Amino acid sequence: MRRVWAVLLIFALAGAGFLATDCKKVQAAGETGVVTASLLNVRTGAGTDYQNVKTSAGTSVQLAAGTKVTILETLTAEKDGSSWYKVSFSFEGESLSGYASAQYIAIDTTAPSATPTTAPASTTPITTYRYETTYRKIKVAGRLSQKRAVYKKAGGRQLKVSKKAVILSKGKKVTITGEKLVKNKKWFKISFKYKKKTRTAYIRNIYVKMTLKTGACAVIANLKKAAKVHTKAGASAPYKKKGKTIIKIPKGATVKITKEKLPAGTKTKWYKLSFDYNGSQKTGWVSSKFVKLAKEKKVKKVAVTALTSAQFEKSMTEQGFPESYKQSLRILHQAYPLWQFQAYKTGVDWNTALTAECKLGLNLISNSKAEPWKSKEPGAYNSKTHTWKVFDGSNWVAASKEAIAYYMDPRNFLSENNVYQFELLEYQSQYQTKAGVDNILNNTPFYNKTFTYKDLNTGKSKSISYADAFVDAAKTSGVSPYHLASRARQEVVISATAVSGSVSGTNATYPGIYNFYNIGAVSSANPVLNGLKWASSGSTYLRPWTDRYRSIVGGGQYIGSSYIQKGQNTGYLQKFNMTSTNRFGHQYMTNVEAAYSEAIKTKKAYAGSIDKSPLVFSIPVYENMPASNCPIPH
């Protein structure tokens, strides 16, 4: 089914293929893991190419389901980017260690080997863990390297207080909160104390020495393709190479600034960067003109406890769930006691929201649906010819008010198959796996298939499966790979053997351009063409999308920065935007059924692996809702 995007052009601070380790890595060291596979191979290294660990008697180590291990380290396989744990364990009376795929180890320090299917009756809590991601604003400490005036705007007039120019002394403490490049010169936005007040101003970056004890997260920017890395600070310094290949960091890649230097006789600072290059950490120097400070991604471990029935009742009341929500939530809690349900208080009147969503053209439905599902409002229906106006493609007409109310009412979808439209969409590597992505892609042209693309680091041709590409997109964007894969399936898959022109690469107007999520495909007679135009223009999000990998990964970055990080972090909120930012606008899709159908695909992706997963669901609650669920149109 086609869905149409509202376009929001923002600069992304997430990179593809390059991870500043301290800014993004999730550590699990010291935790207890439980084997979930029937037999799990433990290998001598991180990757399937390594042989199994053997006992002193020569027995090849395979751990049975339910075996507990201690996680010593989290690693990434160099060959395919898969996640692995270094673990210690007991086997046939020996204490051993080795490497095992993280896909088959659940992090659960106190839960029994089988999660109960009903809410625990005892007061002893069942505990597991999940990871929550937050993004901290740019905030880098620094001091002035010399006495300087500061400016109201970058390259503008000096800042004055009581008609006197503000001059900051050498060594003055400041906090860097942003930056601008004006006429090829970098300016820092700073905050500082001056005459007992906190003030903001701009100053050239060459006059501020950053405090880099733990480094600063940044992104490659302000150039067309990639930044060449030097062995030392300065344009005349030799390039850093791997073999005969000059190491380059692509535009949009996330890096970490560890040192800075102003070469003698110059007015351009250079940064020493730490970055990932083909799976290994590298360091090198790049001109500060091509490095922009970025928001910092923080991941924290949160304990999740399965509540007793009494505790769950109290939690629902404290959350503010109306009585009409509670029975459905009770059933879900009994089946999945580790799941968490959060009431998302929209603060919006139900009828106000419904009226806004009924704006003509904002919510569409297939013309093949029965009459009660389709609008007969003026401009949507011709009573003389008994035909509906097509708003998108050849088959998408305005949905009726009753259909919109049905899909908007969260109470209609608090069931095992449909609740996933409320799942928080941040990437959770411990239970969102390549196998799950394959489940979503099953019965599509992408299932179990590979494609070739140009490596973002070396420019050389590489081969990758579609499932692995969606996992890569999740790693660089922080967005669930299940969400990304189901998005692509919803947008561009026509049948088990056919895809839309968005990803064929053969469009006559935009040959060789791909758009896996139909970003920019605004409503028109040919929305696909609009999307390809957007994918071919600009330089953010790895554009232009001249291959499938750039589209899948870059599109994931767009979804992350334009939706997930802005509060539209569930499928429901991307369809019905009830956040305070651009409410009723900036809605990802016009297909009124899209969040519902994506939820079913996500359920399929988990394929029975969710019993022990502490999923979090954010469920909207409106003001003045109807006493009972809005019915199916009939």
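The structure under discussion appears in the preceding block.
The rules we used
Residues numbered from 1 in each chain as written. Predicted model: local features only at pLDDT ≥ 70, side-chain atom pairs only at ≥ 80, totals over all residues. Heavy atoms only, no water. Helix = DSSP H or I, 4+ residues; strand = E, 2+ residues; numbered from the N terminus. Buried < 20%, exposed > 50% of the residue type's maximum accessible area, 1.4 Å probe, protein only. Contact = heavy atoms within 4.5 Å. Areas by Shrake-Rupley, 256 points an atom, 1.4 Å probe, with all protein chains shown as cover. Axes fitted to C-alpha atoms, helices over the stretch in contact; angles between N-to-C directions. Parallel < 35°, antiparallel > 145°, perpendicular 65-115°, else oblique. Left-handed = near helix turned anticlockwise from the far one by under 90°. Nonpolar A, V, L, I, M, F, W, Y, C, P; charged D, E, K, R; others polar. Salt bridge = Lys/Arg side-chain N within 4 Å of Asp/Glu carboxyl O. Phe/Tyr/Trp six-rings, centres within 6.5 Å; stacked < 30°, edge-to-face > 60°. Lys NZ or Arg CZ within 6 Å of the ring centre and 35° of its normal. Pairing = 2+ DSSP bridges.

Asks: Report on the overall build of the chain, specifying residues and quantitative values.
Replies: When helices and strands are tallied, the chain shows 12 helices and 36 strands. For the chain, the residues scored as buried account for 52% of the 634 residues in total. Looking at the chain alone, contacts between residues at least 24 apart form 68% of all its contacts between residues at least 6 apart. On the chain, roughly 28400 Å² of surface is accessible, and the fraction owed to carbon and sulfur atoms is 49%.

Asks: How would you sum up the packing of helix H2 (residues 309-319) against helix H3 (residues 323-335)? Please name residues and give values.
Replies: Contact geometry of H2 with H3 gives a least axis separation of 11 Å together with a crossing angle of 140°. Between H2 and H3, the angle is such that the two are oblique. Of the two elements, H2 crosses H3, and the hand of that crossing is right-handed. On H3, the residues that touch Phe312, Glu313, Met316 and Thr317 of H2 are Lys326, Leu329, Arg330 and His333. Residues that form the contact of H2 with H3 fall into these classes: 3 nonpolar, 2 polar and 3 charged.

Asks: Outline the pattern of salt bridges, listing residues and values.
Replies: Under the defined criterion, the tally for this structure stands at 12 salt bridges. Taking the shortest distance from any N to any O, the salt bridge between Glu593 and Lys369 comes out at 3.2 Å. Of the two residues, Glu593 sits in the loop between helix H11 (571-575) and helix H12 (594-606) while Lys369 sits in the loop between strand E29 (364-366) and strand E30 (381-382), which places them 224 residues apart along the sequence. Overall, the relative accessible area of 9% leaves Glu593 in the buried class. Arg487 is the partner of Glu598 in a salt bridge, and the nearest nitrogen-oxygen pair spans 3.0 Å. In this pair, Glu598 sits in helix H12 while Arg487 sits in helix H8 (residues 481-492), placing the two residues 111 residues apart along the sequence. Judged by relative accessible area, Glu598 falls into the buried class, the value being 4%. In this structure Arg487 comes out as buried when scored by relative accessible area, which is 0%.

Asks: Go over the packing of aromatic side chains, please, and point to the residues and values.
Replies: Enumeration according to the criterion identifies 31 aromatic pairs in this entry. Centroid distance Trp534 to Tyr558: 5.2 Å. Interplanar angle 75°. Geometry classified as edge-to-face. With Trp534 in helix H9 (residues 527-536) and Tyr558 in helix H10 (residues 548-562), this pair connects stretches of sequence that are 24 residues apart. For the residue pair Trp534 and Tyr558, the accessibility class agrees, reading buried in each case. Among the aromatic residues, those joined into a cluster by ring pairs are Phe312, Tyr336, Trp339, Phe341, Tyr420 and Phe617. One Lys or Arg, Lys369, reaches over the ring of Trp373 and ends 4.3 Å from the middle of that ring.

Asks: Provide a residue-level description of the sheet that holds strand E16 (residues 197-204), including the pertinent values.
Replies: Backbone-to-backbone hydrogen bonds pair the strands of a sheet. The strands run either parallel or antiparallel. Read across the sheet, 5 strands follow the order E16-E15-E14-E9-E17 without closing on themselves; strand pairing throughout is antiparallel. Each edge of the sheet is formed by a strand with only one pairing partner; in this case those strands are E16 and strand E17 (208-210). Strand-to-strand, the axes of this sheet are offset by a mean angle of 45°, without reference to chain direction. Two strands pair when backbone bridges link them, and strand E9 (residues 140-144) and E17 are joined in this way by 3 bridges, in the antiparallel orientation. When the bridges of E17 are listed, Arg143 appears paired with Lys209.

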